[in-house]
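Descriptive analysis of the structure
What follows is each chain in one-letter form.
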Amino acid sequence: MKNQTITKIAVLTSGGDSPGMNAAIRAVVRACAFYEVACFGVYRGFQGLIEGDFKELGPRDVKYTISKGGTMLKTARSKDFMSEEGRKKAFEQIQKQGIQALIVIGGDGSFTGAYRFSREFNFPVIGVPGTIDNDIYGTSHTIGFDTALNTVIEVVDKIRDTATSHKRMFFVEVMGRDAGHIALNAGIGAGAEEILIPEEDIGLPKLLEKLKRSKASGKSSCIVLVSEGDKIGKNVFELSEYVQENLPEYDVRVSVLGHLQRGGSPTCFDRVLASRLGVKAVELLLQNKEGVMVGLQNQQVVTVPLEKAIKGSSAIDEELIRISDILSI
């Protein structure tokens, strides 16, 4: 399938939705139109690929989508695609439509499926990183991360008003099962007193010591931002109960932000990032380059082999941890 003139490209979104996915779809569709290549949208991710749920898209089909959250192509986590049989069915559907290349917008799990598919059928694939967790190796920012940060900060600012009014301590849980990028960045941006992330397990005794020091310094309220993957307690509710028992002078509350972090209109940064990566993905395929993820490094669009993007880990910024410790005094 490789080293051919590409005339038909398909695009899909997979895994968890993230703000800016529509901007990326729009960029792919319009770049295809610009270069006079047919573009097919695949609905419901890899499951739609298996079932042949395709629709040819033109520039007007993606009008007014750049400002909308979620994904117009819908998304699904496909168990069928995890099997060789499922991927074979997907390839047969692609052949039936005459599609010659695929752009996958998603995260680590989506890239894993795309990489296997590409290797098994020698099929050109490009990955575009779309996940609010920012946990993909090879890019400083994933599509949706900036929007999620702004959403968290807006909510924490509101919680802060209540915390200061009632002299309360709030444990605010944000998304980040395996990575603490949201908690760390939003925690600094919202002025959180403590930030708990999976990469830095400070332990209950040290947390208690830091909170007591905060109280002794004159702070009457407190915000603790907790990444959902933090390992200090079994969950944020158990953690808050432990702190309440040991710091009875605080009125401790919990707020779990959940899926509201995934929704909403994408920020300008995410719209521009998605547009840049979507266009680049199309251009790479037309240059007969594939098997890579497009990402951002030092404000420049770069490519990273899909295999590296999957196997590598997105390191937490140690400088931000240092800054957080200084500012929480």
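Residues numbered from 1 in each chain as written. Predicted model: local features only at pLDDT ≥ 70, side-chain atom pairs only at ≥ 80, totals over all residues. Heavy atoms only, no water.

**Observations regarding the UniProt feature "binding site: Mg(2+)" (unreviewed entry) in the chain**
Put simply, the test is: UniProt positions are given in the numbering used here, feature names are shortened, and annotations may be inferred rather than shown by experiment. Secondary structure counts use DSSP, requiring at least four H or I residues in a row for a helix and at least two E residues in a row for a strand, with both numbered from the N terminus. Partly exposed residues are those whose accessible area sits between 20% and 50% of the maximum for their type, while under 20% is buried and over 50% is exposed, using a 1.4 Å probe and protein chains only.
Per the UniProt record, "binding site: Mg(2+)" (unreviewed entry) is annotated on Asp108. Within the element layout of this structure, Asp108 appears in helix H4 (residues 108-121). On the basis of relative accessible area, Asp108 is assigned to the partly exposed category, the value being 33%.

**Structural notes on the UniProt feature "active site" (unreviewed entry) in the chain**
Note the following rule: Pairs of residues are marked as contacts when any of their non-hydrogen atoms sit within 4.5 Å.
With numbering matched to this structure, UniProt assigns "active site" (unreviewed entry) to Asp133. Tracing the chain through its elements places Asp133 in the loop between strand E5 (125-129) and helix H5 (145-166). Apart from the residues within four sequence positions on either side, Asp133 is in contact with Phe145, Met175, Gly176, Ala179, His181 and Ile182.

**A closer look at the side chain of Glu193**
Defined as follows: Under this definition, polar contacts are N or O atom pairs within 3.5 Å; protein pairs additionally need one hydrogen-donor-capable and one acceptor-capable atom, and for neighbouring residues in sequence, both atoms have to be side-chain atoms.
Relative to the helices and strands, Glu193 is located in the loop between helix H6 (181-189) and strand E7 (194-196). Classification of Glu193 by relative accessible area gives buried; the value is 9%. In terms of polar contacts, Glu193 uses its side chain to reach the side chain of Arg160, at 3.2 Å. Side-chain polar atoms of Glu193 contact the backbone nitrogen of Ile223, separated by 2.7 Å.

**Details of the sheet that holds strand E2 (residues 38-42)**
Put simply, the rule reads: By the convention used here, strands pair only if DSSP detects at least 2 bridges between them. Lines fitted to C-alpha atoms define the axes here, with helix axes fitted over just the stretch in contact, and angles between the N-to-C directions of these axes take values from 0 to 180 degrees.
Spatially, the seven strands line up as an open sheet ordered E3-E2-E1-E4-E5-E10-E11, and their pairing is mixed. The sheet is open, and its two edges are formed by strand E3 (54-57) and strand E11 (300-305), each paired on a single side. Recorded for the sheet is a direction-independent mean angle of 30° between the axes of neighbouring strands. Lying on the sheet, H4 is in contact with strand E4 (101-106), E5 and strand E10 (292-297); it crosses E5 at an angle near 175°.

**As for the pattern of salt bridges**
To be explicit about the condition: Any Lys or Arg side-chain nitrogen located within 4 Å of an Asp or Glu carboxyl oxygen qualifies as a salt bridge.
The tally for this structure, following the rule as stated, stands at 14 salt bridges. Note that Glu193 is salt-bridged to Arg160, the shortest N-O span being 3.2 Å. With Glu193 in the loop between H6 and E7 and Arg160 in helix H5, the pair connects residues that are 33 residues apart, well separated along the chain. A residue is classified by how much of its surface remains accessible, and Arg160, at 18% relative accessible area, is buried. Lys210 is the salt-bridge partner of Asp325, the closest N and O atoms lying 3.7 Å from each other. With Asp325 in helix H11 (residues 318-327) and Lys210 in helix H7 (residues 204-216), this pair connects stretches of sequence that are 115 residues apart. A relative accessible area of 14% places Lys210 in the buried class.

**Things to note about the packing of aromatic side chains**
Filter applied, for reference: Stacked, edge-to-face and tilted labels apply to pairs of Phe, Tyr and Trp rings (six-membered ring for Trp) whose centres lie within 6.5 Å, assigned for plane angles under 30 degrees, over 60, and everything in between, in that order. Comment: the charge-over-ring label is applied if NZ (Lys) or CZ (Arg) is within 6 Å of the ring centre and within 35 degrees of the ring normal.
Under the criterion given, the structure shown has eight aromatic pairs. Ring centres of Phe117 and Phe121 lie 5.3 Å apart, and the angle between their planes is 50°; on these two criteria the pair is classed as tilted. Pair noted here: Phe117 and Phe121 are both in helix H4, with a separation of four residues, about one helical turn. Exposure class is identical for Phe117 and Phe121. Each is buried. When the centroid spacing of 5.7 Å and the interplanar angle of 70° are considered together, the rings of Phe117 and Phe123 count as edge-to-face. Of the residues examined, Phe117 reaches a relative accessible area of 1% and is grouped as buried. Using a relative accessible area of 0% as the deciding quantity, one classes Phe123 as buried. Here the basic side chain of Lys215 rests over the ring of Tyr250, its NZ or CZ set 4.5 Å away from the ring centre.

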